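These are the residues of each chain, in order.
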Amino acid sequence: MNARATAILVAALLLSGCGSGQKDDGRTTVVFWHSFVSSTVPAFNELVRKFEAEHPTIRLKAQYLPTGDGLIQKLITAVQSRTAPDVCWIHADFLDKLVEADAIYRMDQFLQRPDGLSVEDMTDFFPALLDGATWRDTLYALPMEATSLALFYNRDSFKRAGLDPYRPPQTWDELRSYARQLTVDEGMDGTIEQYGFFVPVFPSSGPLNIWMNLQWIPFLWQAGGEEVNKDQTRLLINSDAGVQALTLWKNIYDDLDFSRYGLAHDVGFASQNLAMIMDGPWDLPRFRQMRDIDWAVAPLPAGPAGRATYIAGEHMALFKQTEHPNEAWTFVKWMVSADVQAQFSMSSGYLPVRKSVLEREDYKAFLAGDPA
């Protein structure tokens, strides 16, 4: 192959991964980058099929990318090389970087169109989710799904430890006490067969740094603290509340000698090496398939200032490099509709982004039959 042919082939391969609006059997291709975990990919793939059936002129090309720092680096490279997707899921923590790079549209450029969303539609979103997609009073994305954090626990492990399987820990003191009681060294030989609680301590950079922060901040709130002051001019993590929250984690970590544990939290829970973990709704489809474990979900234990958890999720942003913004907007608008949100929540485990979903009879029936 000569140099010119090689260059043409490389260029074609590069373009195949970007939002260039290429045609396929007369359809316009919309490229969507996401980082859905494996347990929710089947539910999303079903949505892709449904969207394409309802929009026969559009082909939705969904591509998986690792989340966290890897996704940020990929997006930076794509924007600079003009190979950005049409739509990408993003986290609130790097929204400002995309805005400063002039990479994504303001949402009002689509919301105010004749085929946009009404005021009633916008007030139907949970406000905290729109806040997460807003930078300096301007909305740049729409929420795709919502997540929260809860305590998952193994009722069988509770029974073996002499604990009430229908009464998970209610306070920080009980969380620490239960974690000790649920840690098992069967042979009394220093080999721990079951740890009572997964303490989510990860490196401060890498794909899990956001995940660690999302799990620790609710404990800061439970102690009555905040991350920053209202003017956003001073960090408040190093407060009495922050010290209390970090001390709790450190105490449990030391109680269990947790530095010796090496599995991921979800793998450990599924293999019954962990009795309690903190996790979100995205793993519900996977855990529902575990037939040999009696597990349940409960609110996080209360701290000195009460109960607290987060509401977060991923957002959809439309990139300015798209050659087909109308088709890209069609997908985003469809994804946030109440019908789609209800279906996706029931099949994936994610929480819906619109309040009206909670009033649907089919969704009420789903909740009644699925306590988790």
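Here, residues in each chain are numbered from 1, in the same order as that chain's written sequence. This being a predicted model, a pLDDT of at least 70 is required before a residue's local features are given, and a value of 80 or more before pairs of side-chain atoms are given or counted; all residues contribute to the totals for chains, interfaces and linings. As a rule here, side-chain values come from all non-hydrogen atoms in the structure, and water together with hydrogens is ignored.

Moving on: the overall build of the protein chain. Helices and strands together make up the secondary structure of the protein chain, namely 16 helices and 13 strands. As a reference, a globule follows 2.2 Å times the number of residues to the power 0.38, and the radius of gyration itself is taken over C-alpha atoms. Taking 21 Å as the expected radius of gyration for a compact globule of 372 residues, we find that the protein chain reaches 23 Å, a close match to that expectation. Counting only C-alpha atoms, the protein chain reaches 70 × 55 × 45 Å along its principal axes. Residue exposure (1.4 Å probe, protein chains only): buried if accessible area is under 20% of the type maximum, exposed if over 50%, otherwise partly exposed. For the protein chain, buried positions account for 49% of its 372 residues. Residue contacts are counted whenever heavy atoms from the two residues lie within 4.5 Å of one another. Intrachain contacts of the protein chain at a sequence separation of at least 6 include 70% that bridge at least 24 residues. Areas reported as accessible are Shrake-Rupley estimates using a 1.4 Å probe. Residue values count occlusion only from the protein chains shown. Of the roughly 17800 Å² of accessible surface on the protein chain, 54% is carried by carbon and sulfur atoms. Asp and Glu are treated as the negative residues and Lys and Arg as the positive ones, with His and the ends of the chain left uncounted. A single reference atom marks each charge: NZ on Lys, CZ on Arg, CG on Asp, CD on Glu. In the protein chain, the 33 positive side-chain charges and the 47 negative ones have mean positions that sit 3 Å from each other. Numbering goes from the N terminus for both helices and strands, where a helix is a DSSP run of H or I of at least four residues and a strand is a run of E of at least two.

It is worth spelling out the pattern of salt bridges at this point. Salt bridge, as used here, is a side-chain nitrogen of Lys or Arg placed within 4 Å of a carboxyl oxygen of Asp or Glu. For the structure on display, the rule yields 20 salt bridges. Residues Asp 294 and Arg 155 are paired through a salt bridge, measuring 3.6 Å at the closest nitrogen-oxygen approach. Of this pair, Asp 294 sits in the loop between α13 (284–288) and β11 (295–298) while Arg 155 sits in helix α8 (residues 155–160), placing them 139 residues apart in sequence. Asp 370 serves as the salt-bridge partner of Arg 288, at 2.7 Å between the closest nitrogen and oxygen. Of this pair, Arg 288 sits in helix α13 while Asp 370 sits in the segment after α16 (361–369), placing them 82 residues apart in sequence. For Arg 288, a relative accessible area of 24% corresponds to the partly exposed category. Look at the salt bridges and you will find they share partners, linking Asp 121, Asp 124 and Arg 354 into a network.

Reading across from one edge, β10-β9-β11 is the order of the three strands in this open sheet, with antiparallel pairing throughout. The two strands at the open ends of the sheet, each matched to only one other strand, are β10 (276–279) and β11. The sheet shows a mean angle of 30° between the axes of neighbouring strands, direction not considered. Of the strand pairs in this sheet, strand β9 (residues 150–154) and β11 are connected by four bridges, and their pairing is antiparallel. In the sheet register, Phe 152 faces β11, and the bridge partner there is Val 297. When DSSP finds two or more bridges between a pair of strands, those strands are recorded as paired. Convention adopted: a line fitted to C-alpha atoms gives each axis, helices being fitted over their contacting stretch, and angles between N-to-C directions are expressed from 0 to 180 degrees.

Before going further, it helps to spend a moment on the nonpolar core. We call a set of buried Ala, Val, Leu, Ile, Met, Phe, Trp, Tyr and Cys residues a nonpolar core when their side-chain atoms join them within 4.5 Å. One finds Leu 142, Phe 197, Met 276 and Phe 319 to be the most contacted residues of the largest nonpolar core, which totals 107 residues. Look past the residues within four positions of Leu 142 in its chain and what remains in contact with it is Met 107, Leu 111, Leu 117, Met 122, Phe 125, Leu 130, Glu 314, His 315, Met 316, Trp 329, Val 332 and Val 336. Ala 338, Val 357, Tyr 363 and Phe 366 belong to the second largest nonpolar core, which has five residues in total.

Okay, the packing of helix α10 (residues 209–222) against helix α11 (residues 240–255) next. Running from N to C, α10 and α11 cross one another at 120°; their axes reach a closest spacing of 8 Å. What the angle tells us is that α10 and α11 run oblique. Considering only the axes of α10 and α11, their crossing is right-handed. Facing α10, whose interface residues are Met 212, Gln 215, Trp 216, Phe 219 and Leu 220, α11 presents Ala 241, Gly 242, Ala 245, Leu 246, Leu 248 and Trp 249. Classification used: nonpolar for Ala, Val, Leu, Ile, Met, Phe, Trp, Tyr, Cys and Pro, charged for Asp, Glu, Lys and Arg, polar for all others including Gly. Classifying every residue of the contact of α10 with α11 gives nine nonpolar, two polar and no charged. Under this scheme an angle from 65 to 115 degrees is roughly perpendicular, one under 35 degrees roughly parallel, and one over 145 degrees roughly antiparallel; angles in between are oblique. For any pair of crossing helices, the crossing counts as left-handed if the nearer helix is rotated counterclockwise from the farther one by less than a right angle, and right-handed if it is rotated clockwise.

Pairing analysis gives seven bridges linking strand β2 (residues 27–34) to strand β3 (residues 58–64), with the strands arranged parallel. Residue Thr 28 lies in a different strand from β3, and its bridge partner there is Ile 58. Place the viewer so that the strands point away; then a crossover is right-handed whenever the path from the first strand over the helix to the second strand goes clockwise. What joins β2 to β3 is helix α2 (residues 41–54), and the crossover it makes is right-handed.

What follows deals with a nonpolar patch on the surface. A surface patch of nonpolar side chains, about 260 Å² in accessible area, is lined by Val 228, Leu 235 and Ile 237. Along the chain, Ile 237 falls in the loop between α10 and α11. In this structure Ile 237 comes out as partly exposed when scored by relative accessible area, which is 39%. Any residue with relative accessible area above 30% and no salt bridge may belong to a patch, with like charges joined within 9 Å and the nonpolar Val, Leu, Ile, Met, Phe, Trp and Tyr side chains within 5 Å.

Glancing now at the side chain of Gln 341. Following the sequence through the fold, Gln 341 ends up in helix α15 (residues 338–348). Here a polar contact is recorded for every N or O atom pair within 3.5 Å, except that within protein the pair must consist of a potential hydrogen donor and a potential acceptor, and residues adjacent in sequence are included only if both atoms are side-chain atoms. A polar side-chain atom of Gln 341 sits 2.9 Å from the main-chain carbonyl oxygen of Met 335.

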